[in-house]
Amino acid sequence: MNYYLSTNNCNLYKELIRFNKLNFIKKEELKKHNSREIVLISIDKPRFKDLLISFNKKILFRLEYLPVRKFPFDIFFYKLFFDFIFEWDSSFIKSSFSFLPFFPPRIGMIHENKIIEEKVKLNHFFSTQFEKSHLISTIVSDKKKLFWQIKRVELIEFLVKDINQIERYGRGFKIVLDKSEVLIPFKYHIAIENCENGPSEKLWDPLLCNCIVFYGGNIDLVYPKIRKAIIQIPIFDKYKSKQIISNELNTSRIFNSITKEDWIEIKSSIRSLYTFEN
């Protein structure tokens, strides 16, 4: 069976399909195939024209966070066209199925351009154990549209004043073309989500680069074996967050406790449970 990703966003195809490109048909190739032998998959918003084509099956995944979704009720319209609908942080459709969120890793991708490009194959990060030469980094843009984005910037600004080892990157500060460049060298990384839901690539990217993650986000849907390399921080308590981070930087307790075998298990769990292609 072949698959077709229905989207108007050409970048989404590049982000989501990095392992098994041969199994996916591109839009310009669609006319060469029998649509009845193809499964249509859409992430959040399909191409409207595709809804009118008779595919073997149509599957919709609602991946975008509900708190930031502009049109959450369009799911009732899509219910008319899709055979299966999957929701992970909402339950609008009674017959929908749940799933583990598969926000695509962004490491190895050039993201600061309108058209993104893959610089390093994703398999490289799953198969490589990276040596560390620097202490701690964070990637935070200057966006302040959402409440959690405001608190994230406030927390990072507070932390960098008192913990001068933190190296700060992100749009509005030091722009990085490929996130892996400021993840691979570092033992630790501070990652904070855009809202209380999670996890997303903000967590997966540093873990795939062998970083212990100080994480501001929900880990309820994080596989327990992955949690070994995660240290949660309360983003609404700046002083507690600072204490947690400082204690680990001074002792390296969690960093020293993670073995090579642990990292292999962590990365294989991310690949098997939280990637779109699997």
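Chemist: Teacher, can you tell me more about empty space enclosed by the protein here?
Modeler: Applying the stated criterion across every chain yields a total of 1 cavity of 30 Å³ or more. Put simply, the largest cavity is a space of about 60 Å³. Lining the largest cavity, in full, are E15, L16, R18, F19, F102, P104, P105, L122, T275, F276 and E277. When grouped by side-chain class, the residues that make up the lining of the largest cavity number 7 nonpolar, 1 polar and 3 charged.

Chemist: Mind showing me how you'd approach the layout of surface pockets here?
Modeler: Space left empty within the atom packing is revealed by a probe, the size of a water molecule, rolled over the atoms. The space that makes up the second largest pocket amounts to roughly 390 Å³. If you trace the second largest pocket, you find 18 residues lining it, with C10, Y13, K14, K26 and E28 closest to the centre. Of all the elements in the fold, those that place two or more residues in the lining of the second largest pocket are α1 (10–16), β2 (24–25) and β7 (117–118). Ranked by residue count, the leading element in the lining of the second largest pocket is α1, at 3 residues. Here the residues of the lining of the second largest pocket are counted per class, giving 6 nonpolar, 3 polar and 9 charged.

Chemist: I keep staring at the packing of helix α5 (residues 147–162) against helix α7 (residues 238–251) and nothing clicks. Help me out?
Modeler: Packed helix pairs are characterised by how far apart their axes lie and by the angle those axes make with each other. Contact geometry for α5 and α7: axes closest at 10 Å, N-to-C directions at 50°. When the axes of α5 and α7 are compared, the pair comes out oblique. Judged by the twist between their axes, the crossing of α5 over α7 is right-handed. Contacts between α5 and α7 involve E154, L155, F158, L159 and D162 from the first element and K238, Y239, S241, K242 and I245 from the second. Within the contact of α5 with α7, the residues separate by chemical class into 5 nonpolar, 1 polar and 4 charged.

Conventions used here
- Residues numbered from 1 in each chain as written.
- Predicted model: local features only at pLDDT ≥ 70, side-chain atom pairs only at ≥ 80, totals over all residues.
- Heavy atoms only, no water.
- 1 Å grid on protein atoms, 1.4 Å probe; cavity = no way out; pocket = protein on both sides within 12 Å on 5 of 7 lines; lining within 4 Å.
- Points joined across faces, edges and corners; volume = space filled by probe spheres on them.
- Nonpolar A, V, L, I, M, F, W, Y, C, P; charged D, E, K, R; others polar.
- Helix = DSSP H or I, 4+ residues; strand = E, 2+ residues; numbered from the N terminus.
- Axes fitted to C-alpha atoms, helices over the stretch in contact; angles between N-to-C directions.
- Parallel < 35°, antiparallel > 145°, perpendicular 65-115°, else oblique.
- Left-handed = near helix turned anticlockwise from the far one by under 90°.
- Contact = heavy atoms within 4.5 Å.

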